[in-house]
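# Breakdown of the fold
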Amino acid sequence: MKTIDLRSDTVTLPTKEMLEAIASAELGDDVSREDPTVNRLEQISADRFGKEAGLLVASGTAGNLISVMTHCRHGDEIYCESEAHIYYYEVGGMSAVAGVIPRLIKGNRGVYTSEQLEAHYRGREMHYPNPSLVAIENTHNRAGGCCWTPREVEEVGRAAHDRGMKVHIDGARIFNACVALDVSPEEYTKSVDSVTFCLSKGLSCPVGSVLVGDKEFIDRARKSRKILGGGMRQAGIIAAPGIVALETMIPRLREDHDNAKLLAKGLADMGLSIDMATVQTNIVVAETAPGKSAELISKAKRSGVLCSSFGRSLVRFVTHRGITEEDIEEVLERLKYH
Ligand SMILES: Cc1ncc(COP(=O)(O)O)c(C=O)c1O
């Protein structure tokens, strides 16, 4: 029986074209900025987002942490959504390493408004930490892959800047949002200061993320990366598939979104509780009976379908390049009997 792996889009394997690009990549020592392939990926990334510069990092977590370290000083406060990845799943790195304290805003499907940001803002008073950064997650993982609209990003960006704060987007899956809303990354992120995006998720690269921002910020971020031991040598072998990903892999994300909708509808027809309005990209979060997520996950596993826990009563399914429409039909068939 074929295993159908819906745990994450991080399970995607590199394409043949990516492997060929790795084999023929022109390489150099990237710590000295001498790897032409890394330099090219960083410039292409910056251009896509209309920013001045880019920085290749090992992972989305590294990109977010380096951004926080670079934007903030120890003791500063960062505003983020209450279930944001940067707060929920990054091992507390923002506090443990960057020394900042989070101020949480409860969003609606992962999105909070400029009014909420204003209401949470306490000003620069003697007793409060210095508010220095606002983080947006787009798409929002725990909300089920929901997108911010360009207008929502712009309004929060303006409210933050009016209060002297910088804005970072954790855009691990921002290209999914760009495809879903048919908006360019440049237009989408014009009102923010930095963006991290992942090459290693739906775009199918084996490793890597890129942080983009203005030149002065990226120069400082390069030092933050070095402090963390993230300076890499012939990193062109990571950058080469990244270039292939940016040039060829984005439009196909639409297939993943269509498959996610098909899956969500089928699971809902089976009686699982799904907020269909959250199924905007490649993630489906289903609610089980209270405390029953582990049971569903192990039953699915016995039938060769892998999915992951999002809590005691929530299960996450993620579609990606390794999953076809026929696979989704097969998943629904197999789960029907459980
Ligand atoms: C929204 C979001 N941000 C950041 C990350 C971290 O990326 P990485 O696993 O490459 O560290 C993830 C990973 O799933 C994510 O979903």
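Quick look at the structure, then. Being a predicted model, the structure only gives us computed values, none of them experimental.

### Observations regarding the site of the ligand
Lining the immediate environment of the ligand, one finds S59, G60, T61, N64, H85, E90, E137, N141, D170, A172, R173 and K201. Here an oxygen atom of the ligand and a side-chain polar atom of T61 are 2.6 Å apart. The fraction of the free accessible surface of the ligand (380 Å²) that becomes covered by protein chains is 84%. Mapping the ligand onto the cavity grids shows that it belongs to the second largest pocket.

### Examining the pairing of strand β8 (residues 209-213)
Successive residues of a regular strand alternate their side chains across the two faces of the sheet. Across the five residues of β8, five count as buried, placing the element largely inside the fold. By the alternation rule, side chains of β8 split into S209, L211 and G213 and V210 and V212, which are all buried. As defined by bridge partners, strand β2 (residues 53-57) adjoins β8 across five bridges and the pair is classed as antiparallel. Paired with G54 across the strands is V212, a residue of β8. Where strand β7 (residues 194-198) lies against β8, four bridges are found, and the strand directions are antiparallel.

### Here we look at the sheet that holds strand β5 (residues 131-137)
Pairing within the open sheet is mixed, and its seven strands lie in the order β2-β8-β7-β6-β5-β3-β4. Pairing within the sheet leaves two strands with one partner each, and these edge strands are β2 and β4 (101-105). Going across the sheet, the axis of each strand differs from the next one's by a mean of 20°, ignoring polarity. Across five bridges, the pairing between β5 and strand β6 (residues 166-171) is parallel. Bridging across to β6, V134 finds its partner in V167.

Conventions used here
- Residues numbered from 1 in each chain as written.
- Predicted model: local features only at pLDDT ≥ 70, side-chain atom pairs only at ≥ 80, totals over all residues.
- Heavy atoms only, no water.
- Near = heavy atom within 4 Å.
- Polar contact = N/O pair within 3.5 Å; in protein donor to acceptor, adjacent residues only side chain to side chain.
- Areas by Shrake-Rupley, 256 points an atom, 1.4 Å probe, with all protein chains shown as cover.
- 1 Å grid on protein atoms, 1.4 Å probe; cavity = no way out; pocket = protein on both sides within 12 Å on 5 of 7 lines; lining within 4 Å.
- Sits in = over half its atoms within 2 Å of the grid points.
- Buried < 20%, exposed > 50% of the residue type's maximum accessible area, 1.4 Å probe, protein only.
- Helix = DSSP H or I, 4+ residues; strand = E, 2+ residues; numbered from the N terminus.
- Pairing = 2+ DSSP bridges.
- Axes fitted to C-alpha atoms, helices over the stretch in contact; angles between N-to-C directions.

Read these as geometric descriptors, not functional statements.
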